[in-house]
Amino acid sequence: MTDNEDPKKEKKSKGTSKEVCGYPLSIFFIIVNEFCERFSYYGMRAVLVLYFKYFFQWDDDMATSTYHIFVALCYLTPILGAIVADSWLGKFKTIIYLSIVYAIGQVALAVSAVHDITDGDRNGIPDNITFHIVLSMVGLFLIALGTGGIKPCVAAFGGDQFGDHQERQRRTFFSVFYLCINGGSLLSTIITPILRAQECGIYSKQKCYSLAFGVPAALMVVALVVFIIGSGMYYKAEPQGNIMLDVCKCIGFAIKNRFKHRSKQFPKRQHWMDWSEEKYDKLLIAQIKMVLKVLFLYIPLPMFWTLFDQKGSRWTLQATNMDGNFGLLVIQPDQMQTVNPILILTLVPIMESVIYPLIKKCGLNFTPLRRMTVGMIMAAIAFVCAALVQLQIDKTLPTFPSASQSQLKLLNMGSNPVTVKLPDNDPLVLPAAQASDQFFTFEAESVSILIGSMTKTIPLAKGRRQTLLIPSNISDINWLLTDDLTSKPQEGNNALRFVNGMNTTVNVSTPAADFGLIESLYYSNYSQIKNGKATFTLRSGSQSCEYSRDFGYGSSYTFLIPSTLVFGSNCQESITEAEDIKPNSVHMALQIPQYFFITAGEVMFSVTGLEFSYSQAPSNMKSVLQAGWLLTNAFGNFIVLIVAELAKIPKQWAEYILFASLLFAVCIIFSIMAYFYTYINPAEIEAQFKKKLDEDDDDKSQLQKEEVEMVKKDSIKSHKDDTAKQTKM
């Protein structure tokens, strides 16, 4: 059979030369291709917002905005892919060409994450960050073009492989196909965050974003190769034209024609689409009217997607300030997204087999539009939960100085307690080798400190945190001021430093970091330590001792080596610590309720919405509704961009409440629209319309016959008259 032959006209109604268990062999290549492609897409997307935040050092708003621009593009390009496939290249060539573009984009993104490319001084920080940003943006654009372009083609291409007698096998194929989508999503959101958390590099070790993007890139190449291998087995339908273009042309003509005949001298028509009757078929116009009725209901829907897609951006950033230690399992912030596909696989069968039948037995008419309304309410509740979690997180976050403020902490390096008097504060007693419990905030550029009978003026730096090291001899001229962190350590790491209060040089090291030689009465730079137990080795000459401590996530500590330290096998009791930034104490498990509500909302809104749309549209217009549905998703992501960049709400919990309130308001509007919506049966309407057209055609034919009979009678009569005249003559 040739490529262009229709398998439905074949005697055996199959699109491949071989069958396995009643299924065309070609679909196995398509299923593997889809699994690898979804793994590639969702794996890359899982770590994307953290890549923007930590690799590019962008703030949360910039990272969120860029993420949602990318997601919006991914939902705009399917329309382009569908038009290209149906009108020009065909599904097979479209999948091949755009998969190549897709793979190139994934490789470009992976290369952009290799920090060693521009790290000339080998300190782990790229010297030319612009190169990495440009390369990654090019890669993301190609990915959006590729993943969006093939999205409407792969499932339809798989369906083309079956003949009319294989309806049961086709349904099974689509079930397995969508299972592969969720399976690829689930596995990738588990694996790629683990890869990201590793450290890699040629000259210096950093978080391995290149590996986290490289594995999805490799999977995309595998997807392309597998699809090409099955090339000889596919049934490849010729492009038949895209209905969306016809719909757009018909609507455009109706608007143009109505504008031309806008004066009152032209009679009004029942519907504005009727102005296209001069050029287009009445059946097409009737079908477009049905589609427009459904598309009108789509107007409020982008607000749902505005909230839903933030689980990959705002919620992931929220998780970076939380504790992911689940005992035997440590969850990365971007791994929390796995809760969504797990809950989808759980909730869909429960909803279909338990919840909906139970509601029906209770006598409630739970129509599709009512399900969608409840789904929107669920999403709004999810964001209320996120706001409550954010309030708990904010309680644990330190208050950093503003641009007009300075903050100061005191550390007594001596072996005797001292009493310190700060302006506008009560006298403070600092025990030996201890620090103050908090930072003191000042508006002035300098502060006078009274210790005993001695007053010291300390200059302060605006917008910064500092620690004042009070020496054992307070009459010493040189009092040191250290610069402290003004933000939480990135990626859940812990920032540590040591202060040497001894009269000798001390070397401090640990397998994860080397603090180097610390001079007497001086301090080390900050070093980043992962969560878990860390053991530090302190050496001075031939003497050494060890100090161990467990660390959580996102904390900062200053450790003081006191002047009274005695080296031995263990110096655990001698080292004193000052907690500069508290570790993350709000557990990631608190995010589970918001994931539950957003997923329940997705099941009730998204699944039901597609089902409703398909049931209310003519059979040849389903692709138009699919395009409209994807556009609502794209517009929803643009709304996030507008709020993140323009609103600039200082408190994250307030932004969550704003989104929840907006969705509640939209939900009320949608429920009113749904109340006045009348459900239709497109097939029945089309049948009635065709019957009416046939009757009109029959009437026209009958009229034409009658006209012919009249002409014949007139001709015969005329002939008889002529004959009579001739006879008389």
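Residues numbered from 1 in each chain as written. Predicted model: local features only at pLDDT ≥ 70, side-chain atom pairs only at ≥ 80, totals over all residues. Heavy atoms only, no water.

A few words on the overall build of the chain. What the chain contains, in helices and strands, is 17 helices and 21 strands. At 35 Å, the chain has a C-alpha radius of gyration far larger than the 27 Å of a compact globule built from 729 residues. Reported as C-alpha extents along the three principal axes, the dimensions of the chain are approximately 155 × 60 × 55 Å. Buried residues in the chain amount to 49% of all 729 residues. Long-range pairs, those at least 24 residues apart, make up 72% of the contacts in the chain with a sequence separation of at least 6. When the accessible surface of the chain is totalled, it reaches about 34,900 Å², and 59% of it is carbon and sulfur. A distance of 7 Å separates the average location of the 66 positive side-chain charges in the chain from that of its 65 negative side-chain charges. (Helix = DSSP H or I, 4+ residues; strand = E, 2+ residues; numbered from the N terminus. Rg over C-alpha atoms; globule rule 2.2 N^0.38 Å. Buried < 20%, exposed > 50% of the residue type's maximum accessible area, 1.4 Å probe, protein only. Contact = heavy atoms within 4.5 Å. Areas by Shrake-Rupley, 256 points an atom, 1.4 Å probe, with all protein chains shown as cover. Lys, Arg positive; Asp, Glu negative; His and termini not counted. Charge placed at Lys NZ, Arg CZ, Asp CG, Glu CD.)

Further remarks concern the pairing of strand β19 (residues 543-551). In this structure, strand β18 (residues 532-540) lies alongside β19, joined through nine bridges in antiparallel fashion. The partner of threonine 537 across the bridge, within β19, is glutamate 546. Hairpin connection of β18 to β19: two residues between the antiparallel strands, including glycine 541 at a positive phi of 65°. (Pairing = 2+ DSSP bridges.)

Our next topic: the confidence of the model for the chain. Per-residue pLDDT for the chain has a mean of 86; in total, 93% of the residues score no lower than 70. Summarising per-element confidence for the chain, the mean pLDDT is lowest in helix α17 (residues 682-728) (59) and highest in helix α10 (residues 302-308) (95). Overall, residues 1-17 carries pLDDT values under 50, and its contacts beyond four positions in sequence, including any with other chains, amount to 41 contacts. (pLDDT = per-residue confidence, 0-100.)

This brings us to the sheet that holds strand β12 (residues 480-483). With mixed pairing, the four strands of this open sheet are ordered in space as β8-β5-β11-β12. Looking at strand neighbours, the two that pair on one side only are β8 (440-442) and β12, the edges of this open sheet. Ignoring which end each strand starts from, the neighbouring axes of this sheet average 30° apart. Relative to β12, strand β11 (residues 465-470) is paired through four bridges, and the arrangement is antiparallel. Bridging from a neighbouring strand, leucine 468 pairs with leucine 481 of β12. (Axes fitted to C-alpha atoms, helices over the stretch in contact; angles between N-to-C directions.)

This part covers the pattern of salt bridges. Under the defined criterion, the tally for this structure stands at 15 salt bridges. Here glutamate 278 makes a salt bridge to arginine 269, at a shortest N to O gap of 2.6 Å. Overall, glutamate 278 belongs to the partly exposed group, its relative accessible area being 48%. Of the charged contacts, one joins arginine 497 and aspartate 484 as a salt bridge, the two residues approaching to 2.6 Å between their closest N and O atoms. One end of the pair, arginine 497, is in strand β13 (residues 494-500); the other, aspartate 484, is in the loop between β12 and β13, and 13 residues separate them in sequence. Take arginine 497 and aspartate 484: they sit in the same class, and that class is buried. Taken together, the salt bridges that share partners define one network made up of Asp61, Arg314 and Glu655. (Salt bridge = Lys/Arg side-chain N within 4 Å of Asp/Glu carboxyl O.)

What follows concerns the nonpolar core. In this structure, Ile288, Trp315, Leu369, Met376, Phe605 and Met621 are the most contacted members of the largest nonpolar core, which totals 74 residues. Per element, the largest residue contribution to this core is 11 residues, and it comes from helix α13 (residues 368-396). Setting aside its immediate chain neighbours within four residues, phenylalanine 605 contacts Leu301, Phe304, Trp305, Met372, Gly375, Met376 and Trp629. Counting 61 residues, the second-largest nonpolar core is a separate cluster that includes Tyr41, Leu50, Tyr75 and Phe227. (Core = buried A, V, L, I, M, F, W, Y, C linked by side-chain atoms within 4.5 Å.)

Using the criterion set out here, one finds two disulfides in the structure. A disulfide bridge connects cysteine 200 with cysteine 208, and the sulfur atoms are separated by 1.9 Å. Sign of the S-S torsion, about 100° for the bond between cysteine 200 and cysteine 208, identifies this disulfide as right-handed. What makes cysteine 208 buried here is its relative accessible area of 3%. The disulfide bridge from cysteine 545 ends at cysteine 571, spanning 2.3 Å between sulfur atoms. Because the sign of the S-S torsion sets the handedness, a value of about 80° for the bond joining cysteine 545 and cysteine 571 places this disulfide among the right-handed ones. (Disulfide = S-S within 2.5 Å.)

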